[in-house]
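For reference, the chains in residue letters:
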Amino acid sequence: MPKENAKHTNLSSKVPSSTNSQAIGRFKQLQQKEVSVETIFKAITSKDTTALSRGITLIESTQLSHTKKAQQLIEKCLPYANNSVRIGITGVPGVGKSTFIEALGSLLIQKGKKVAVLAVDPSSTISHGSILGDKTRMESLVRSSDAFIRPSPSGNSLGGVAQKTRESIILCEAAGYDIIIIETVGVGQSETAVHSMVDFFLLLKLAGAGDELQGIKRGIIEMADAIVINKADGDNLKRAREAKNKFRKALHLYPLNKNSWSPEVLTCSALEEKGIEEIWNLILKYLDITAKNGFFENNRIQQNKFWLLQTIEEQLKSNFYNHPKVRTALDSQIEAVQQHKITPFAAARYLLELSKKEFK
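Notes on the structure in this doc start here. Quantities reported herein were computed from a predicted structural model and do not represent experimental measurements.

## What about the packing of aromatic side chains?
For the structure on display, the rule yields 6 aromatic pairs. Ring centres 5.0 Å apart and planes at 80° place the aromatic pair phenylalanine 200 and tyrosine 286 in the edge-to-face group. Of this pair, phenylalanine 200 sits in strand E5 (residues 200–206) while tyrosine 286 sits in helix H12 (residues 276–292); the two residues are 86 residues apart in sequence, bridging distant segments of the chain. Aromatic pair phenylalanine 306 and tryptophan 307: ring centres 5.2 Å apart, planes at 90°, arrangement edge-to-face. Classification of phenylalanine 306 as partly exposed rests on a relative accessible area of 30%. Members of the aromatic cluster, joined through ring pairs, are Phe200, Trp261 and Tyr286. Above the plane of the ring of phenylalanine 41 lies lysine 76, whose end atom (NZ or CZ) is 5.7 Å from the centre. Sitting over the ring of tyrosine 177, lysine 114 keeps its end group 4.7 Å from the ring centre.

What follows is the structure, encoded as structure tokens:
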């Protein structure tokens, strides 16, 4: 494993104090004053993780001035992007996603790769706060100079996936990361959203949790490029092997995907770091096949189209709800619907017609 250094904002006590002070100084400098887009861009392409964190914070900000700067930064980084392998990891809470990602990330770093992890943390629907605990769960990985871990609150974005994750990928690629791992919260539509921004989609499952049959659902099978039964160790080893056979039999019921790839089922113990090498070899096999048949490139083109349309929809929705007159009328229309004075459909038509007049 690479030695620890001070490139991360989460600095280790083992780092020399002089280097420690320099890193803290750069961080404070970036935080205390307005830094130009050009400065952040140059620092990102120089592999400065402090600047990368600052750039992603800019992307995630909802302030109008920050949004404009973020767009400029993305445009500058775009020519340096698209050089990574993007891997999506999903699974129900408790399946061991963080432990698995740390094991996989550590293996990749040993192989000379630079790994960025964009982990979307569940946000409370009441307080809108999030735990952001991935940096504490991935204790070993976070100390590596070749790893970058960025937890982001999911908020109210599609399926729990941070709205700006797609743009954050571009910045990570511009910073020289070879592998981008995106961890989902594993609920709702997060699988669909992450599937639309990665090259390889991996579904983590648990044996003996009573959800084996859930994995046979057509939607999951169509999205997953591999199913991995985690925690295949100790007393759970036998159950993991049985679950593996069940999933394999289920997969035989479905034809090959458009990419000419049939999803495979593997077992692993992320805690004991067993089976991780086999999973990486499977990913390499997939990448080789899809590169040769043209699916890899075509898939990225289709993903860009998806996010173009998705962004238009989000912007139209934002423009609609943030218009002062529409917001005022919305309250009165909701009240009218609640009092059964008007139907929801008629109220919606009224508000849409009002927005058309206002936006002309």
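More follows now that the structure is in view.
## Re helix H14 (residues 324–338)
Helix length check: H14 (15 residues) gives 22 Å between terminal C-alpha atoms against 21 Å at 1.5 Å per residue, within 8%. When H14 is considered as a whole, its buried residues turn out to be Val326, Ala329, Gln333 and Ala336. Each buried residue of H14 lies within a common arc of 80° when the element is viewed along its axis, so the set occupies one face. More than 90 degrees from the buried face of H14, the exposed residues found are Pro324, Thr328, Asp331 and Gln338. Taken from the residues just after H14, histidine 340 is the one with a positive phi, measuring 60°.

## Quick look at the pattern of salt bridges
Counting across every chain of the model gives 11 salt bridges. A salt bridge links glutamate 38 to lysine 42, with the shortest nitrogen-to-oxygen separation between them at 3.8 Å. Residue glutamate 38 and its partner lysine 42 are both found in helix H2 (residues 37–45); the two are separated by 4 residues, about one turn of the helix. Overall, glutamate 38 belongs to the partly exposed group, its relative accessible area being 30%.

## What about the pairing of strand E4 (residues 179–183)?
Among the 5 residues in E4, 5 count as buried, and that is most of the element. Residues Ile179, Ile181 and Glu183 of E4 are buried on one face, and the alternating residues Ile180 and Ile182, pointing to the opposite face, are buried as well. For strand E1 (residues 85–90) and E4, the ladder comprises 5 bridges, and the chain directions are parallel. If you follow glycine 88 over to E4, its bridge partner there is isoleucine 182.

## Quick look at the pairing of E1
By the criterion of burial, E1 is predominantly enclosed, with 6 of the 6 residues buried. The side-chain alternation of E1 yields two buried faces, one formed by Val85, Ile87 and Ile89 and the other by Arg86, Gly88 and Thr90. Bridge count between E1 and E5: 4 bridges; the pairing is parallel. Within E5, the position partnered with isoleucine 89 by the bridge is leucine 202.

## Looking at a nonpolar patch on the surface
Taken together, the side chains of Leu308, Leu309, Ile312 and Leu316 present a nonpolar region at the surface, about 390 Å² in accessible area. Along the polypeptide, leucine 308 turns up in helix H13 (residues 295–322).

## Section: the packing of H2 against helix H3 (residues 49–60)
At a closest axis distance of 8 Å, the pairing of H2 and H3 adopts a crossing angle of 130°. It follows from the interaxial angle that H2 and H3 lie oblique. Seen from above, H2 lies across H3 with left-handed handedness. Two secondary-structure elements touch here, H2 through Ile40, Ala43 and Ile44 and H3 through Ala51, Leu52, Arg54, Gly55 and Leu58. Across the contact of H2 with H3, the residue classes tally to 6 nonpolar, 1 polar and 1 charged.

Reading guide: rules and limits
- Residues numbered from 1 in each chain as written.
- Predicted model: local features only at pLDDT ≥ 70, side-chain atom pairs only at ≥ 80, totals over all residues.
- Heavy atoms only, no water.
- Phe/Tyr/Trp six-rings, centres within 6.5 Å; stacked < 30°, edge-to-face > 60°.
- Helix = DSSP H or I, 4+ residues; strand = E, 2+ residues; numbered from the N terminus.
- Buried < 20%, exposed > 50% of the residue type's maximum accessible area, 1.4 Å probe, protein only.
- Lys NZ or Arg CZ within 6 Å of the ring centre and 35° of its normal.
- Expected span 1.5 Å × (residues − 1).
- Arc of directions from axis to C-beta.
- Salt bridge = Lys/Arg side-chain N within 4 Å of Asp/Glu carboxyl O.
- Pairing = 2+ DSSP bridges.
- Patch = residues over 30% accessible without salt bridge, like charges linked within 9 Å, V, L, I, M, F, W, Y side chains within 5 Å.
- Areas by Shrake-Rupley, 256 points an atom, 1.4 Å probe, with all protein chains shown as cover.
- Axes fitted to C-alpha atoms, helices over the stretch in contact; angles between N-to-C directions.
- Parallel < 35°, antiparallel > 145°, perpendicular 65-115°, else oblique.
- Left-handed = near helix turned anticlockwise from the far one by under 90°.
- Contact = heavy atoms within 4.5 Å.
- Nonpolar A, V, L, I, M, F, W, Y, C, P; charged D, E, K, R; others polar.

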